[in-house]
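Examining the three-dimensional arrangement
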Amino acid sequence: MHISAELRELFAGANRVLVLTGAGVSAESGVPTFRGGGNTAVWKGMPFDVISSAEMVERDLPAVWEWFDYRRHFLEELKPNPAHYAIARWQDRFAEFTLVTQNIDGLHQKAGSREVIELHGNIWRARCTACGTAYNMAQEKRPDACFECGDLLRPDVVLFGEMLPRGAFEFAAVRASASELCFVVGTSALVYPAAGLPEIAKAAGAYVVEVNPERTPLSSQCDEVLTGKAGEVLPLFER
Ligand code: BV8
Ligand code: ZN
């Protein structure tokens, strides 16, 4: 793995930098990825894009909760890794720094990132299926029903077949098209619209850098591919 002189120079002088992260940035914290390494996550025989889908919320909300309760419980013990910390340090290094994540684990915030655009929601929140009231489950136990209207709660995450939070993608897209340097870290770049952000950055003239131990559909369009683990590659930029 080699960082080009051009990229080092850009990193030293850039004003507007955008980082898009996926499950791979949390892999070294012990969070299992969904794809990659020849595996696909499965829960009780269901592929994750079945259990994590809009249809499943309609069909079997208790099963969806079981899967998300299990994942929250698992995440409780996990800590940010050097990749999360490097990204958190970058926020004070550039005039305009944007962090966009597809992850729902909250580890960027735990590492100190202040403004995180969460495209797919957050596993530590629930929201009412009827009135939309949100509940924080990081400190407190998950309520059985909505305190406002009594209706059922669901995880406040974006499942397959659901719209992203209003404005989140649009804001990220504006930042992507203004960026000079765009890092794509630990994502298989298969899930849209998130995977469209590097394409937007590239089309607007940004230098796009992928950090991933494996190749993705995006690799061939990137200006530079840094083949390696996020926690090992990202800290190298500060040397
Ligand atoms: C939408 C959250 C409008 C909850 C997630 C064709 C058919 C059917 C559907 C579609 C279609 N084309 C487009 C769609 C739409 C669909 C989509 O993109 N499907 C794809 C898969 C075909 N998208 C949607 O439905 C989105 N909404 O489009 O709204 C709409 C609405 C209604 C009707 C029509 C349109 C919503 C998508 C949200 C999905 N939510 N989950 C949960 O977690 O349960 S997706 C899930 O994948 C994750 O949460 C994550 O956010 C997302 C992306 O995954 P990655 O982060 O990339 O992770 P992955 O495991 O794939 O890859 C890990 C990578 O890390 C690998 O490359 C690996 O090599 C690398 N890695 C490993 N270790 C390391 C590393 N990298 C660095 N360092 C390491 N150490
Ligand atoms: Zn309610």
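Residues numbered from 1 in each chain as written. Chains lettered and ligands numbered in written order. Predicted model: local features only at pLDDT ≥ 70, side-chain atom pairs only at ≥ 80, totals over all residues. Heavy atoms only, no water.

Quick look at empty space enclosed by the protein
Counting across every chain of the model gives 1 cavity of 30 Å³ or more. Here the largest cavity is characterised by a volume of approximately 40 Å³. Taken together, P198, E199, K202, V208, L218, Q221 and C222 make up the full set of residues lining the largest cavity. Tallying contributions element by element places helix α8 (residues 196-203) first for the lining of the largest cavity, with 3 residues. (1 Å grid on protein atoms, 1.4 Å probe; cavity = no way out; pocket = protein on both sides within 12 Å on 5 of 7 lines; lining within 4 Å. Points joined across faces, edges and corners; volume = space filled by probe spheres on them. Helix = DSSP H or I, 4+ residues; strand = E, 2+ residues; numbered from the N terminus.)

Focus on the site of ligand 1
The environment of ligand 1 is made up of 32 residues, and the closest members are F34, R35, S52, T187 and S188. In terms of residue class, the shell around ligand 1 is built from 15 nonpolar, 11 polar and 6 charged. (Near = heavy atom within 4 Å. Nonpolar A, V, L, I, M, F, W, Y, C, P; charged D, E, K, R; others polar.)

Here's the deal with the nonpolar core
Judged by nonpolar contacts, the single largest core of 27 residues is most densely connected at I51, W65, F68 and L153. Counting residues per element, the ones that place at least two in this core are α2 (48-51), α3 (54-59), α4 (61-75), β6 (121-128) and β8 (153-157). No other element matches the 7 residues that α4 contributes to this core. Not counting the four nearest positions on each side in its chain, W65 is found in contact with R72, A126, M137, R142, L153, R154 and P155. (Core = buried A, V, L, I, M, F, W, Y, C linked by side-chain atoms within 4.5 Å. Buried < 20%, exposed > 50% of the residue type's maximum accessible area, 1.4 Å probe, protein only. Contact = heavy atoms within 4.5 Å.)

Describing unusual backbone geometry
Residue P193 follows Y192 across a cis peptide bond; omega there is 10°. Its location among the elements puts P193 in the loop between β9 (181-185) and α8. Positive phi, close to 45°, is recorded for K44, a residue that is not glycine. With respect to the helices and strands, K44 occurs in the loop between β2 (42-43) and β3 (46-47). A positive phi is found at A189, a non-glycine position, where the angle reads about 55°. Mapped onto the elements, A189 comes out in the loop between β9 and α8.

Quick notes on the coordination of the zinc ion (ligand 2)
A four-donor tetrahedral metal ideally has 109.5 degree angles, and a six-donor octahedral metal ideally has angles of 90 or 180 degrees. Here the zinc ion (ligand 2) is held by the protein donor atoms C128 (SG), C131 (SG), C146 (SG) and C149 (SG), which lie 2.3 Å from it. One way to put it: the 4 donor atoms around the zinc ion (ligand 2) meet at angles of 99 to 119°, and that makes the site tetrahedral. Written as a sequence motif, the donor residues of the zinc ion (ligand 2) are C-x2-C-x14-C-x2-C. Of this pair, C128 sits in strand β6 while C149 sits in the loop between β7 (134-136) and β8; the two residues are 21 residues apart in sequence, bridging distant segments of the chain. C128 gets classed as buried once you look at its relative accessible area, which sits at 3%. (Donors = N, O, S within 2.8 Å, 3.2 Å for Na, K, Ca; no water. Tetrahedral: all angles 85-135°; square planar, octahedral: opposite > 155°, others 65-115°.)

Focus: the side chain of R71
Mapped onto the elements of the fold, R71 is located in helix α4. It turns out R71 is buried and unbridged, and the closest side chain with the opposite charge, D105, is 8.1 Å from it. Residues contacting R71, with those up to four places away along its chain left out, are F34, S52, I104 and I123. (Lys, Arg positive; Asp, Glu negative; His and termini not counted. Salt bridge = Lys/Arg side-chain N within 4 Å of Asp/Glu carboxyl O.)

With respect to helix α5 (residues 82-90)
Listed as buried for α5 are A83, H84, A86, I87, A88 and W90. Residues of α5 that are buried sit in contact with α1 (5-13), β1 (16-21), β4 (96-101), α6 (107-110), β9 and α9 (230-233). Between a side-chain oxygen at the N-terminus of α5 and the backbone nitrogen of A83 the separation is 2.7 Å; the capping residue is N81. (Polar contact = N/O pair within 3.5 Å; in protein donor to acceptor, adjacent residues only side chain to side chain.)

Re the pairing of β6
Counted residue by residue, β6 has 6 buried out of 8 residues, so it is predominantly covered. Across 3 bridges, the pairing between β6 and β7 is antiparallel. Within the sheet, the bridge partner assigned to A126 lies in β7 and is Y135. (Pairing = 2+ DSSP bridges.)

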